[in-house]
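Residues per chain are reported as follows:
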Amino acid sequence: MSIRPVVPEKSLTDLSRTALQERVVALGLPRYRADQLYKWVFQKGARDFEGMTDLPKALRQTLTDDGWTVGRVSLGRVAESIDGTIKVVIRLQDGGAVESVLIPMGEGRFTQCLSSQLGCALDCKFCYTGTLGLSRHLTAGEIVDQVIVARQAVPAGAVVDHLVFMGMGEPLHNFDHVVASLGPLTDPNGLGYSARRITVSTSGLVPQIDALGKVAPVNLAISLNATTDEVRDRIMPINKRYPIAELIAALRRYPLPPRRKLTVEYVLLGGVNDTDADARRLGDLLDGMPVRINLIPWNPFSGPGFARPEEGRVQAFHAHLDRRGYTVTVRGTKGLDIDAACGQLGERPALN
Ligand code: SAH
Ligand code: SF4
């Protein structure tokens, strides 16, 4: 199956600011027209050229004649959880769909969870998206568009002030498009998010972690999820390629800006990786690293035969790491009732 994006080639949402400038200059127009166009596409979320009223009609006509479109994805079904979590389906131009989740953080602020691929190739055994396999990578434009299009589902007066690549897919497997998406996401003439408000979460692709550290000062989250290679090999096949010691070494050399912490995600699977010995080993592995640990009791779906640990087990695991001075949080179950919690993304077959 092809994993290359199957979308119109001439979509303005897929152009970097420099590429857009080159196109505009090649048309014999001044460079500032490209900046205006960029703002329309990424800041104002224009859907077509008609509304771009401060651009000369001739430019708009040339772009249209040349086959360019704004290439917007569209908003599909919106589901709201009783806890305020909002899950949106994003319809892609080739008929595919991904999901993105808006997580309420209080005081009218939301964190948006972005997808980077249609499905995922990494086959982690506890993850619903993993059961789907990989259909294709998303383009940079499709990634950025999730933020623009989901604005229609954000309650009036609320803002999305953090972005996390924790939706469908492994962002570092789609490295080039994810890095390209950071252009419009952080550009002041685009969506203007500071890199400090963006987190990329990975299952542990070591060479790409090194590469990301060189190109983008975003926050990094690692899905560690086990403390021995024996268990991690079993629940995350990627561990056979990049075992725990190599992954931890990559984290230790990641060029974190001062006063920032790595996030370590740890899905708690009852009876698999949630013992006192695991808590102790986790504390040892991360010793001396600037980390915050995020414990995620497993969000169930039928099939893989895992169980959520009992509440007491979660507390004991938390308490051990807390005593050792780590910053530890237990991630709640926001959005569980609409299948919008971590690892539950991906369209379910209809029930009848
Ligand atoms: N592919 C990336 C980002 C998407 S997964 C990664 O693996 O990091 C986002 C987070 O959800 C990961 O930390 C993953 O370990 C966790 N996760 C996946 N399935 C889960 C489930 N069923 N319950 C709880 N967390 C899950
Ligand atoms: Fe892919 Fe992340 Fe799910 Fe693993 S946990 S299958 S890497 S989305």
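Residues numbered from 1 in each chain as written. Chains lettered and ligands numbered in written order. Predicted model: local features only at pLDDT ≥ 70, side-chain atom pairs only at ≥ 80, totals over all residues. Heavy atoms only, no water.

Here the focus is the packing of aromatic side chains. Applying the stated criterion across every chain, the model contains 5 aromatic pairs. Between Trp-298 and Phe-306, the ring centres sit 5.7 Å apart and the planes meet at 75°, which makes this aromatic pair edge-to-face. Accessibility assignment for this pair places Trp-298 and Phe-306 in one class, buried. Pairwise contacts between aromatic rings join Tyr-128, Trp-298, Phe-301 and Phe-306 into one cluster. The ring of Tyr-38 carries the charged tip of Arg-17 above its face, separated from the ring centre by 5.6 Å. Sitting over the ring of Trp-40, Lys-44 keeps its end group 3.9 Å from the ring centre. (Phe/Tyr/Trp six-rings, centres within 6.5 Å; stacked < 30°, edge-to-face > 60°. Buried < 20%, exposed > 50% of the residue type's maximum accessible area, 1.4 Å probe, protein only. Lys NZ or Arg CZ within 6 Å of the ring centre and 35° of its normal.)

Taken together, Cys-120, Leu-122, Asp-123, Cys-124, Cys-127, Gly-130, Gly-169, Glu-170 and Ser-203 make up the full set of residues near ligand 2. In terms of residue class, the shell around ligand 2 is built from 4 nonpolar, 3 polar and 2 charged. (Near = heavy atom within 4 Å. Nonpolar A, V, L, I, M, F, W, Y, C, P; charged D, E, K, R; others polar.)

Among the 20 residues in the neighbourhood of ligand 1, the closest are listed as Phe-126, Gly-169, Ser-201, Ser-223 and Asn-299. The backbone of Thr-202 places a nitrogen or oxygen atom 3.5 Å from an oxygen atom of ligand 1. The fraction of the free accessible surface of ligand 1 (540 Å²) that becomes covered by protein chains is 96%. Of all elements in the fold, only strand S8 (198-202) and strand S10 (262-268) reach the threshold of two or more residues within the shell around ligand 1. (Polar contact = N/O pair within 3.5 Å; in protein donor to acceptor, adjacent residues only side chain to side chain. Areas by Shrake-Rupley, 256 points an atom, 1.4 Å probe, with all protein chains shown as cover. Helix = DSSP H or I, 4+ residues; strand = E, 2+ residues; numbered from the N terminus.)

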